[in-house]
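# An overview of the molecular structure
Given next are the chains, with one letter for each unit.
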Amino acid sequence: MSSYPILSIMIWLPIVIGLILISNKNISKLSASFITLFTAITIFIFSILLFKLYDYSSSELQFIEKYEWIEGLNIFYFLAVDGISVSLIILTAFINVLIAIFASSEDYDNKSGYLGYFLILEGLLMGTFSAFDSILFYIFFESLLIPLFLIIGIWGGTNRKYATIKFFLYTLFGSVLMLISILYLAKLAGSFEIKEFYSLSLTFQEEVLILLAFLIGFGIKIPMWPVHTWLPDAHVEAPTSGSVILASVLLKVGGYGMIRFILPITTEAGIYLSDYLIYLSLVAIVYISFVAYAQEDMKKLIAYSSVAHMGFVTLGIFLVFNLMGSNSSAAIIGLEGSIIQMISHGLISAALFFCIGIIYKHSKSRLIKDNYGVAQFMPIFSFIMIFFLMANSGLPGTSGFVGEFLVITSALGSNFIIALLAASSLILSASYSLKIGKNVLFGQNKDNIQSYSECKKNEKIVLSILIIIILYLGITPDILFKLIDQTVIDIITSASIGYI
Amino acid sequence: MLDLLFIPEIIISIGIMFVILIDLFLQNYKKISYFLVQTILIISAYYASNMNYFPNYDAYELSNFSNNIKLILIIGSLIIFHYTFIHLSYTNKLKIEYFTISLLGLVGTMVMISANSLLMLYLGIELLSLSLYALIGFNKKSPLSSEAAIKYYVLGAMSSGILLFGISIIYGFTGSILYSDIASKMLLINTDSVEYIAVIFGIIFITASLCFKFGAAPFHMWVPDIYQGSLISTTVLLSTLPKVAVFVVFLKLYFIPFLVIKFIWSDILIFVGMLSIIIGSLYALTQENIKRLLAYSAISNIGFIILSIGLVTINGLQASLYYTVVYSLTALASFGVITHITTNSHGIENIKDMAGLSKTHPYFAILILITMLSSAGIPPLIGFHAKLIVIKSLIDSSLIILSMIVVLMTVISAYYYLRIIKTVYFDDREELISTLPGNSIILSINVISLLILGLFPYIIYNLSKHLASLFPSISI
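Numbering of residues starts from 1 in each chain and follows the order in which that chain's sequence is written. Note on labels: chains are lettered from A, ligands numbered from 1, in written order. A pLDDT threshold of at least 70 governs which residues receive local features in this predicted model, and a stricter bar of 80 or more applies before side-chain atom pairs are shown or counted, although totals over entire chains, interfaces and linings include all residues.

Further remarks concern the overall build of chain A. Secondary structure is summarised from DSSP: a helix means a run of H or I of at least four residues, a strand means a run of E of at least two, and numbering begins at the N terminus for each. Check the secondary structure of chain A and you find 20 helices and 2 strands. Throughout, radius of gyration means the C-alpha value; the globule benchmark is 2.2 Å times the number of residues raised to the power 0.38. Here the C-alpha atoms of chain A give a radius of gyration of 21 Å, agreeing with the 23 Å that 2.2 N^0.38 yields for 500 residues. Counting only C-alpha atoms and orienting by the principal axes, one finds that chain A spans roughly 70 × 55 × 40 Å. Summarising the internal contacts of chain A: among those between residues at least 6 apart in sequence, 82% fall at separations of at least 24. Two residues qualify as being in contact provided that their C-beta atoms, derived from the backbone, are within 7 Å of each other.

Set out below in structure tokens:
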């Protein structure tokens, strides 16, 4: 099973093809789209293969590839997957296929370069989700900045220079502090393997500092309130596919990192600080929802809604600290909820950014007031978009409901007030989602001059695949549970063993 | 005994005379003289790598360690001369004297590396400095160039004076100028005596002078002006060869004669290193001139090197070697790219001259992207590994706060590297940019090695480990 380096292929194949696309300007737009689509589908098939071969009755690492990379420093090229990695890898591969389909009808200068950066980004994301050596993880984690920086900077909107530099410096700042913690942990453990860090016995003070460093690093990436301000800027300026990959996969890297590093390594400090961490998440859920409602720009609105939804992810993670000793089944539910929320938000936010991209292509404006009454011209599209807006507000039957419901259930096990505030999101997110629906789709088109026309075939394909998946995961989320169940239990037990 | 004729210093010195002679007769065929220069370098590289007879002299070290460093310097010079040649011939400033003077400077650096006595060190430094004064003032028509030459000359002479003062104090109180003798005398000095304090003063004088030559803060004032005033090809040379040589002098001085009182100088070096990193990173933020920007970037890189020497650990020693190799490679690449870009048949001066380069010259834009990201320390490029290994050795020495300051400064410095990338990729073109005619294979290899070595960082790691194992050090 592990004789084929399937993970390495999934990392390096898109990177190599991406580099070829970037360095060769003579590739025509059509063949660039075709090559990208073909690569993305190949990787997706690999990820399905990974999913099929993954043995989810075990919490052991699987598909291990481990070679010494830098001899004297004890740094390994160590790839492996567990349940959480597999679910996020499939999400990444899936979203990239959709982007490849969607982008095939878009027109950009130097399109082969544009698509090439996306492929590189895909490979790096695969690496981030499968690296189990902390330095390797860090390298993939930070390399992610480069392609996204260029995608937004070269193909972005008018204010792109400001947005890209802000985005880059923000995330770089977060990650360098993390690097120091990794090096410090490695000094104590004598190894850079992430799993070795779990069994370290740190003093309380060390744990608190390390937790804060990781929290800043991953919190900026997620992003958590109050370090979220780079996200709306980056989203607004990014081209459609850039927004999609940013919202649906790149934000998940932060959540993934929290589960991988903060939960098992700094458990004691986490339990001590859990109240504050939960407050931060609740601020993200409640306050940012209000901020989202006030936005005039659709992309900004969805960007803030992303921050609010990622608040559920962090809430689910930090509730584990609160519940671990007393009510471990609620802790498991919370963590599973937050992972499912990550997957589901990855799909829904991708769908919404695709929709906004389609509207923007017609009206050349992202402002709500410039887009009224789209439903008159694009009835099918409007139906689809209303579905996604409903899913965004957590309608039962869609995948958006499952994660939020689980996190709220888990919060009930801790404290009624937390659960109440978290649950208020169901109303708040409905209000801002419906604001778009009411105005943009069903508003009165006063001047009737907008030239909307029904979306193209490839766009329809993308959106209908997303509808199917969102419904499927909403109705039968078992498939995800099975995948992550053992891993989640394993993480929580290893965290609580470290604590006791 | 005849073998000694074939040490690189002698080959190059004899070669210089040949080149001068031949250039006299072949004024119109500069290419021939240039190829002769490169041939001399290749021959000396061959002998440097194949030398296996090492006589034991007191004042002059011939060893595997010094030969390896010389080899690095020679390879560096080969690349620098290549950039210089194509740049100078494009801008019609080509004179073969430029190369002969540079070769003299190269001999100076080799003497510095091999010196095992303080006077020999002084000789090497002076030979190097004299060549640099001439090279900096080479662009006679530019007032900035003359100003830079005078400035460097005055300040350099003063720093040489300080160095001599330090040497004489050390000599006066230990009775020797040989490194090994000083080391054994140092052991005998009583820590309560006057000699002890005097020796410390001597070391501080020497350190100050060497830091000046290194371009480390707070002795960095000359660096931006001199970088800006000189020709870009001189800047390439200034930012690599002397730095490597002074670095090796640092290693040899501090780890052989002065090792006994390491607790005195290690704090000084850590302070100088941190200050250089901070000043280099902060002052670069507002620079518009690309040479000044790279000058400040050099200051902060030098800070990393001095900082890791100041740790006085095996890890620190290795980290400093690693960083020096990577720094030289990156400096060569970044200045190399800039020598290749021209506007209106002049070299570029300001960052904004490069605006919109990605639209007209996408390949060069990628080269700039790689070098700048590597300088900023973004993985997977080699610059990241260099910074990683320095920060790791800081943390291994439990200097957590310092490591935090260092990484914050890397974030700040990332901004100005990003600004260059922003100009190249996101801004619109204002002036006509062109690149030098002819191929850019060497430049491409130089730049792409930053990426390849970043993916296989153990290559330089093993190299630095090898060098560290050859280093004739007493146990730290």
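Before going further, it helps to examine the overall build of chain B. When helices and strands are tallied, chain B shows 19 helices and 3 strands. Here the C-alpha radius of gyration of chain B, 22 Å, is about what a compact globule of 476 residues would show, namely 23 Å. Structurally, chain B occupies a C-alpha span of about 70 × 55 × 40 Å along its principal axes. For chain B, the residues scored as buried account for 58% of the 476 residues in total. Residue pairs in contact within chain B that sit at least 24 positions apart in sequence constitute 78% of those at least 6 positions apart. The burial criterion counts other C-beta atoms lying within 10 Å of a residue's C-beta, which is placed from the backbone; the residue is buried at 20 or more, exposed at 12 or fewer, and partly exposed between these limits.

With that settled, the discussion passes to the interface of chain A and chain B. Taken together, the 28 residues of chain A in the interface contact 25 residues of chain B. At the level of elements, β1 (62-70), α5 (134-143), α6 (145-155) and α7 (160-189) of chain A are the ones that each hand at least two residues to the side of chain A that touches chain B. Here the element with the most residues in the side of chain A that touches chain B is α7 of chain A; it accounts for 14 residues. Here the side of chain A that touches chain B is composed, by residue class, of 19 nonpolar, 3 polar and 6 charged. All amino acids are sorted into three groups, where Ala, Val, Leu, Ile, Met, Phe, Trp, Tyr, Cys and Pro are nonpolar, Asp, Glu, Lys and Arg are charged, and the leftover types, Gly among them, are polar.

All names here are of chain B. DSSP calls a pair of strands paired once it identifies at least 2 bridges connecting them. Read across the sheet, 3 strands follow the order β2-β1-β3 without closing on themselves; strand pairing throughout is antiparallel. Unpaired on one side and paired on the other, β2 (346-347) and β3 (433-435) mark the two borders of the sheet. Across 2 bridges, the pairing between strand β1 (residues 341-343) and β2 is antiparallel. Bridge pairing in β2 links T343 to H346.

A separate point is the confidence of the model for chain A. Residue-level confidence of the predictor is what pLDDT reports, using numbers from 0 through 100. Looking at chain A as a whole, its pLDDT mean stands at 85, while 97% of the residues score no less than 70. Of all the helices and strands in chain A, helix α15 (residues 374-377) of chain A carries the lowest mean pLDDT, 76, while α5 of chain A carries the highest, 90.

Within the fold, S306 of chain A resides in helix α13 (residues 298-323). If we ignore the near neighbours within four places in the chain, the residues touching S306 of chain A are L231, A247, L251, H345 and S349 of chain A.

The next thing to look at is helix α11 (residues 262-283) of chain B. Multiplying one less than the number of residues by 1.5 Å gives the expected span of a helix. In this model, α11 of chain B (22 residues) spans 31 Å end to end at C-alpha, consistent with the 32 Å of a helix rising 1.5 Å per residue. Residues of α11 of chain B that are buried in the fold lie against α8 (194-214), α10 (232-255), α12 (290-310) and α17 (400-425) of chain B.

All names here are of chain A. With their axes 10 Å apart at the nearest point, helix α14 (residues 328-363) and helix α19 (residues 457-475) run at an angle of 155° to one another. By the criterion of interaxial angle, the relationship of α14 to α19 is roughly antiparallel. Considering only the axes of α14 and α19, their crossing is left-handed. Seen from α14, the contacting residues are S344, L347, I348, A350, A351, F354 and I358; seen from α19, they are E459, V462, L463, L466, I469, I470 and L473. Axis definition: a line fitted to C-alpha atoms, over the contacting stretch in the case of helices. Angles run 0 to 180 degrees between N-to-C directions. Roughly parallel covers angles under 35 degrees, roughly antiparallel covers those over 145, roughly perpendicular covers 65 to 115, and oblique covers all other angles. Rotating anticlockwise by less than a right angle from the far helix to the near helix defines a left-handed crossing, while the corresponding clockwise rotation defines a right-handed one.

Moving on, we get to the confidence of the model for chain B. Across chain B, pLDDT averages 87, with 97% of residues at or above 70. Predicted complex metrics record ipTM = 0.85 and pTM = 0.89.

With that settled, consider the pairing of β1 of chain A. Working note: regular strand, side chains alternate between the two faces of the sheet. Residue and element names in this part refer to chain A. Pairing geometry for β1 and strand β2 (residues 75-81), over 6 bridges, is antiparallel. Opposite E68, over in β2, you have F76 as the bridge partner. What sits between the antiparallel neighbours β1 and β2 is a turn of 4 residues, in which N74 has the positive phi angle 65°.

Turning next to the environment of L124 of chain A. All names here are of chain A. Relative to the helices and strands, L124 resides in helix α4 (residues 111-130). For L124, a count of 28 C-beta atoms within 10 Å gives the class buried. With 195 residues separating them along the chain, L124 and L319 place their C-alpha atoms 30 Å apart. Each residue touching L124, except ones within four places of it in the same chain, is listed here: F140, S143 and L144.

The next subject is the packing of helix α5 (residues 118-136) of chain B against α10 of chain B. All names here are of chain B. As a packed pair, α5 and α10 sit with axes 11 Å apart at the nearest point and diverge in direction by 170°. Here α5 is positioned roughly antiparallel relative to α10, judged by the angle of their axes. Counting all contacts with α5, which are made through L121, L128, L132, L135 and I136, the residues of α10 involved are T234, L237, L238, P242, A245 and V249. Tallied by class, the residues present in the contact of α5 with α10 amount to 10 nonpolar, 1 polar and no charged.

Residue and element names in this part refer to chain B. Counted at 1.5 Å a residue, the expected span for helix α18 (residues 441-455) with its 15 residues is 21 Å, and the 21 Å between its end C-alpha atoms agrees. Bend is the name given here to the angle between axes fitted to two runs of seven residues, the run ending at a residue and the run starting at it. Its axis deflected by about 30° at S449, α18 carries its strongest bend there. Every buried residue belonging to α18 is among L443, N446, V447, L450, L453 and G454, and all of these are buried. Looking at the buried positions of α18, the neighbouring elements they touch are α3 (64-90), α13 (314-340), α15 (362-376), α16 (382-396) and α19 (458-470).

Before going further, it helps to spend a moment on the environment of R429 of chain B. Residue and element names in this part refer to chain B. Its place among the elements puts R429 in the loop between α17 and β3. Along the chain, R429 and D353 lie 76 residues apart, while their C-alpha atoms are 8.5 Å from each other. Contacts of R429, omitting those with residues within four sequence positions, involve A355, G356, K359 and T360.

This part covers unusual backbone geometry. Note: most residues except glycine have negative phi, and most peptide bonds are trans. For the peptide bond that leads from I222 of chain A to P223 of chain A, omega is -10°, which places it in the cis range. For the bond running from W225 of chain A to P226 of chain A, omega is 5°, close enough to zero to count as cis. As for its placement among the helices and strands, P226 of chain A is situated in the loop between α9 (204-221) and α10 (230-237). Phi at F63 of chain A takes a positive value of approximately 55°, unusual for a residue other than glycine. Positive phi is not limited to glycine here, since S398 of chain B has a value of about 60°. Examined against the element boundaries, S398 of chain B turns out to sit in the loop between α16 and α17. Take S398 of chain B: there are 11 C-beta atoms within 10 Å of it, and that puts it in the exposed class.

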